[in-house]
Amino acid sequence: MQDLKPHYLFLTLFIFKVFSANHACNQLDRNSLLSLHLNSSNSTPFNWSSINCCHWEGISCDHKGRVTHLWLPSKGLKGSISPSLGNLTRLSHLNLSHNSLMTGLLPTGLFSFLNQLRVLDLSYNHLGGQLPSGIGGCSKLKIFWAGFNSFSGFLPRDIYNAAALEEISLPSNNLSGPISNEILNLTKLTSLELYQNRLSGHLPLNIGKLSKLKQLILHTNYLAGSFSHFLLNCTNLIHLNLRVNFFHENITDLNMSRSNNFVGKFLASIQSCLEGEIPPEVAQLKYLSFLSVSYNKLTNVTTAIKILMRCNILELAILGNNFLKESMPTDLTGQFPIWISKLKNLQLLRLDLNHITGSIPGWLSTLRRLTTIGLQDNLFSGEFPKKFCELQAFVSTQAEDYNSSLIMPLYFVPQSNNVRFNSFNYFSRTIKLRNNNLSGTIPTEIGCLKRLRNLDLSHNKLKGTIPTQISELTDLEYLDLSANHLYGEIPVSLISLHFLRVFSIANNNLHGAIPVGTQLQTFNASAFKGNPGLCGYPLPPCSHLTSNKRDEDIQEEEDRHTIPWFHVTMVLGFITGFWGRPLVFTGGSLLAC
């Protein structure tokens, strides 16, 4: 759902506020507003007590004092919409979105009073029932948004008579039935959003004749049949999303070479409806910048990659869950593909769930914009690359935050919840190397990755202690070091990680007490299990450590009566060496972050 252009809103409201300042409101309109009984749950409710309602918050009037704008989004409004609203017969702009207006039928005949409406926004409330008829009588209505409610039933038949409509947005409701062929009456329509409903049937045969249509978002419904009959006739379409439906289409039948119809940026998210190979003509779409065709029946992955590599401005290609039972291209089954080093603008790299072998190349650190590395579930071996600790986007707190907004949202389905992302920020500043064959230690240089938010090194063969330098990653929200061969104690310095929401060191060889009074103790025992030497809440108490401490105290008391000549000799030798010659570092490295 697109926002109204800000300059349009501000200019409109300003003009009407000027008129309102000099004209008292119509008393019938004032009484109708008071009859709405709009209660606010906000701590500072709006004040509708003065005589002149044209001065009330969210209200604008024309030069005759008639109410034209009722604009109260995000005001914590509760209750239901009163039939008194229909008495505001000069109302042209109505916005009650992002409130808590309760489930219930909209008043019958609401629209047949309000025939001057140009903008109607009821989205993000708890409204339900069927959309009332009469909207077809709103001959001036251009914008109709009522998404993210609980409306049910068919679309009102007379909605197709509102010939001035430019945008219809009714997503995430329970609307059912087909989209009528009468939609062709809406010749001015530029945007149709009906996703996440229960619409069924075929798309209207001649929907492609809506020549001004730029945005068609119908994903997550029960639509069936074919769509190619209209696709190439939509000469202004730039945003198409038909995923998660029951379409059946062989895209090799689409002659895209004759389609320069997709002007500007070609945006496609056509899921659960495609089969066959990606046609070579796709490379001729010179404006193709976003392609999402996951969860389909595409074949020939090698050809697909070669075709897409010829799309010069392609920013994002999502091809997951296709090419079933095919062998991956040779450069994704052998060692790390070297051609990736040429992608200097690369921000997100995900090659998980492949069969890539060899070591992880250090040259990834030369990709200055890279903020997400997902290499989990492969066959990588060798050590954690120290060069990662030079990744520019992770190291410097002054690093440039590159524009990561997407020209089209991504949809991710974790545990059956459909989540929408409009940028890479959700994934950014992430290193995930889980389930490989990495060995060696976690380098102390990891403390240089100051901006790192998510680190997953689980299910590898890493050994050594947990470096205290991890505590310097103060932005860290996700830390998983489980299922390795780590030993030693949990560094007390981890208490500085205040933003951890996911944490696990399970199934290692760690011992000692879990640091007391830290955020670590907010995680349950599963985060620490499989470490027989660990104790303290949420694991059993450290009673055996208490007795060991008592023995150590006794030994310390006995040692006070003995002159430790060996230690004295060593200390004197060290001081002499320190004063007698310059200090030399050997057997290690010194790194400045």
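Residues numbered from 1 in each chain as written. Predicted model: local features only at pLDDT ≥ 70, side-chain atom pairs only at ≥ 80, totals over all residues. Heavy atoms only, no water.

- In the annotation of an unreviewed UniProt entry, the entry for the protein chain reads Leucine-rich repeat-containing N-terminal plant-type domain-containing protein, and the organism field reads Carya illinoinensis.
- Turning to the protein chain, the UniProt annotation filed under Subcellular location (unreviewed entry) states: "Cell membrane".
- The UniProt entry for the protein chain carries the following comment under Sequence similarities (unreviewed entry): "Belongs to the RLP family." (UniProt positions renumbered as here; feature names shortened; annotations may be inferred.)

### Details of the nonpolar core
Then, number 1: Ranked by size, the top nonpolar core spans 65 residues in total, and within it Leu-33, Leu-70, Leu-85 and Phe-144 carry the most contacts.
Then, number 2: For this core, the secondary structure elements donating two or more residues are β2 (59-61), β3 (67-71) and α3 (110-113).
Then, number 3: With residues up to four places along the chain from it excluded, the contact list for Leu-85 reads Leu-36, Leu-70, Leu-91, Leu-94, Leu-110 and Leu-114.
Then, number 4: Counting 49 residues, the second largest nonpolar core, distinct from the first, contains Leu-375, Leu-455, Leu-476 and Ile-490. (Core = buried A, V, L, I, M, F, W, Y, C linked by side-chain atoms within 4.5 Å. Buried < 20%, exposed > 50% of the residue type's maximum accessible area, 1.4 Å probe, protein only. Helix = DSSP H or I, 4+ residues; strand = E, 2+ residues; numbered from the N terminus. Contact = heavy atoms within 4.5 Å.)

### Focus: the state of the cysteines
Then, number 1: Within the structure shown, the criterion is met by three disulfides.
Then, number 2: Two residues share a disulfide in this structure: Cys-54 and Cys-61, whose sulfurs sit 2.1 Å from each other. Between Cys-54 and Cys-61, the S-S dihedral sits near -105°, and the bridge is therefore left-handed.
Then, number 3: Its sulfur unpaired, Cys-389 is 6.1 Å from the next cysteine sulfur, which belongs to Cys-448. (Disulfide = S-S within 2.5 Å.)

### Examining the pairing of β3
Then, number 1: For β3, a buried count of five out of five residues is recorded, marking the element as mostly surrounded by other parts of the structure.
Then, number 2: Summarising the sheet, β2 and β3 pair through three bridges and their orientation is antiparallel. Across the sheet, the residue bridging to Cys-61 is Val-67, located in β3.
Then, number 3: Inspection of the sheet shows β3 paired to strand β5 (residues 93-95) by three bridges, in the parallel sense. Of the residues in β5, the one forming a bridge with Trp-71 is Asn-95. (Pairing = 2+ DSSP bridges.)

### Let's talk about a nonpolar patch on the surface
Then, number 1: A cluster of nonpolar residues, Met-309, Ile-338, Trp-339 and Leu-343, forms a patch on the protein surface that exposes about 390 Å² of accessible area.
Then, number 2: Overall, the relative accessible area of 56% leaves Ile-338 in the exposed class. (Patch = residues over 30% accessible without salt bridge, like charges linked within 9 Å, V, L, I, M, F, W, Y side chains within 5 Å. Areas by Shrake-Rupley, 256 points an atom, 1.4 Å probe, with all protein chains shown as cover. Salt bridge = Lys/Arg side-chain N within 4 Å of Asp/Glu carboxyl O.)

### Concerning helix α5 (residues 301-308)
Then, number 1: Turning to α5, its buried residues are Val-301, Ala-304, Ile-307 and Leu-308. The arc that holds every buried residue of α5, seen down its axis, measures 125°, which confines them to one face.
Then, number 2: Looking at the buried side of α5, the elements it contacts are β22 (288-292) and β24 (316-318). (Arc of directions from axis to C-beta.)

### Some points on the side chain of Arg-30
Then, number 1: With respect to the secondary-structure elements, Arg-30 resides in helix α2 (residues 27-34).
Then, number 2: No salt bridge is formed by the buried Arg-30, whose closest oppositely charged neighbour, Asp-29, lies at an N-O distance of 11 Å.
Then, number 3: With residues near it in sequence (within four places) discarded, Arg-30 still touches Cys-25, Ser-49, Ser-50, Ile-51, Cys-53 and Trp-56. (Lys, Arg positive; Asp, Glu negative; His and termini not counted.)

### Re the sheet that holds strand β26 (residues 372-374)
Then, number 1: An order of β25-β26-β30-β32-β34-β36 is seen for the six strands of this open sheet, with the pairing classed as parallel. Only two strands of the sheet have a single neighbouring strand rather than two, namely β25 (348-350) and β36 (502-504). Taken pair by pair, the neighbouring strands of this sheet meet at an average axis angle of 10°, ignoring direction.
Then, number 2: Of the pairings in the sheet, the one linking strand β32 (residues 454-456) to strand β34 (residues 478-480) comprises three bridges and is parallel in character. What sits directly across from Asn-454, in β34, is Tyr-478. (Axes fitted to C-alpha atoms, helices over the stretch in contact; angles between N-to-C directions.)

### Overview of unusual backbone geometry
Glycine aside, negative phi is the norm for most residues, and most peptide bonds take the trans geometry.
Then, number 1: Note that the residue after Tyr-537, namely Pro-538, is joined by a cis bond; omega there is 10°.
Then, number 2: Of note, Pro-538 is situated in the loop between β38 (533-535) and α7 (543-559).
Then, number 3: Backbone geometry at Gln-196 places phi at a positive 55°, although glycine is not the residue there.
Then, number 4: As for its placement among the helices and strands, Gln-196 is situated in the loop between β13 (191-193) and β14 (198-202).
Then, number 5: Residues other than glycine seldom take positive phi values, yet His-459 does so here, at roughly 55°.
Then, number 6: With respect to the secondary-structure elements, His-459 resides in the loop between β32 and β33 (463-464).
Then, number 7: For His-459, a relative accessible area of 36% translates into the label partly exposed.

### Observations regarding the sheet that holds strand β8 (residues 128-130)
Then, number 1: Spatially, β8-β10-β12-β14-β16-β18 is the arrangement adopted by the six strands of the open sheet, whose pairing is parallel. Each edge of the open sheet carries a strand with a single partner, namely β8 and β18 (246-247).
Then, number 2: Pairing of β14 with strand β16 (residues 222-225) involves three bridges; the strand directions are parallel. Of the residues in β16, the one forming a bridge with Ser-200 is Tyr-222.

### A look at the side chain of Asp-121
Then, number 1: Inspection of the secondary structure puts Asp-121 in strand β7 (residues 119-121).
Then, number 2: Among the residues examined, Asp-121 registers a relative accessible area of 6% and is labelled buried.
Then, number 3: A distance of 2.6 Å separates polar atoms of two side chains, one belonging to Asp-121 and the other to Ser-123.
Then, number 4: Here Asp-121 is in contact with Leu-94, Asn-95, Leu-96, Ser-97 and Trp-145, once residues within four sequence places are set aside. (Polar contact = N/O pair within 3.5 Å; in protein donor to acceptor, adjacent residues only side chain to side chain.)

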